[in-house]
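Spelled out from the first residue to the last, the chains are:
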Amino acid sequence: MADEKIDVEMQDTGELLARIHTATGTDEIVLMFDDAEDVSDGLLGNDEATVRAAVEFLLSHQPSGDLPDRIDLVDIAAAYDGAIKSISKLKG
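The following refers to the structure shown.

The rules behind each value
- Residues numbered from 1 in each chain as written.
- Predicted model: local features only at pLDDT ≥ 70, side-chain atom pairs only at ≥ 80, totals over all residues.
- Heavy atoms only, no water.
- Helix = DSSP H or I, 4+ residues; strand = E, 2+ residues; numbered from the N terminus.
- Rg over C-alpha atoms; globule rule 2.2 N^0.38 Å.
- Buried < 20%, exposed > 50% of the residue type's maximum accessible area, 1.4 Å probe, protein only.
- Contact = heavy atoms within 4.5 Å.
- Areas by Shrake-Rupley, 256 points an atom, 1.4 Å probe, with all protein chains shown as cover.
- Lys, Arg positive; Asp, Glu negative; His and termini not counted.
- Charge placed at Lys NZ, Arg CZ, Asp CG, Glu CD.
- Pairing = 2+ DSSP bridges.
- Expected span 1.5 Å × (residues − 1).
- Polar contact = N/O pair within 3.5 Å; in protein donor to acceptor, adjacent residues only side chain to side chain.

### Description of the overall build of the chain
Right, on to step 1. If you tally the helices and strands in the chain, you get four helices and four strands.
Right, on to step 2. In sequence order, the secondary structure elements of the chain are arranged as β-β-β-α-α-β-α-α.
Right, on to step 3. Taking 12 Å as the expected radius of gyration for a compact globule of 92 residues, we find that the chain reaches 12 Å, a close match to that expectation.
Right, on to step 4. Each principal axis of the C-alpha distribution contributes one length, and for the chain these read about 35 × 25 × 20 Å.
Right, on to step 5. In the chain, which comprises 92 residues, the proportion classed as buried is 38%.
Right, on to step 6. The long-range share in the chain, meaning contacts at least 24 apart out of those at least 6 apart in sequence, stands at 49%.
Right, on to step 7. About 5,100 Å² of surface is accessible on the chain, with carbon and sulfur atoms providing 44% of the total.
Right, on to step 8. Of the charged side chains in the chain, 7 are positive and 21 negative, and the gap between their average positions amounts to 6 Å.

### Here's the deal with the pairing of strand β2 (residues 15-22)
Right, on to step 1. Examined bridge by bridge, strand β1 (residues 5-12) and β2 share seven bridges and lie antiparallel to one another. The residue of β2 that forms the bridge with D12 is E15.
Right, on to step 2. Taken together, β1 and the strand that follows it, β2, pair antiparallel across an intervening segment of two residues, in which G14 is found at a positive phi of about 85 degrees.
Right, on to step 3. Pairing of β2 with strand β3 (residues 25-32) involves eight bridges; the strand directions are antiparallel. In the sheet register, L16 faces β3, and the bridge partner there is L31.
Right, on to step 4. The hairpin turn running from β2 into β3, its antiparallel successor, is two residues long.

### Topic: helix α2 (residues 48-59)
Right, on to step 1. Taking 1.5 Å per residue as the helical rise, α2 with its 12 residues ought to reach 16 Å, and the 16 Å between its terminal C-alpha atoms agrees with that figure.
Right, on to step 2. Buried residues of α2: T50, V51, A53, A54, V55, F57, L58 and L59, and no others.
Right, on to step 3. For α2, the elements touching its buried residues are β1, β2, β3, β4 (70-72), α3 (73-79) and α4 (83-91).
Right, on to step 4. Its side-chain oxygen placed 3.1 Å from the backbone nitrogen of A49, D47 serves as the N-cap of α2.

Written as structure tokens, this is what we have:
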């Protein structure tokens, strides 16, 4: 994770584009967080800080090139035990 730079940009309501810049190139993923508050019982929101923390969390588990093109917070929560709390901590 130390070698990546993450840029986040709002696309549509509930969707944010994350560009992950690495030494080998740039990967883009769309994160759908329109239901973030409901999924996280209010811990997370639909904002750039939450998406940046979620991408950091995902990068701690797999390289950016292995991430899907589109991902929903529901999918992250289902795939990783404790994901919501971990993302909340990363968000600060």
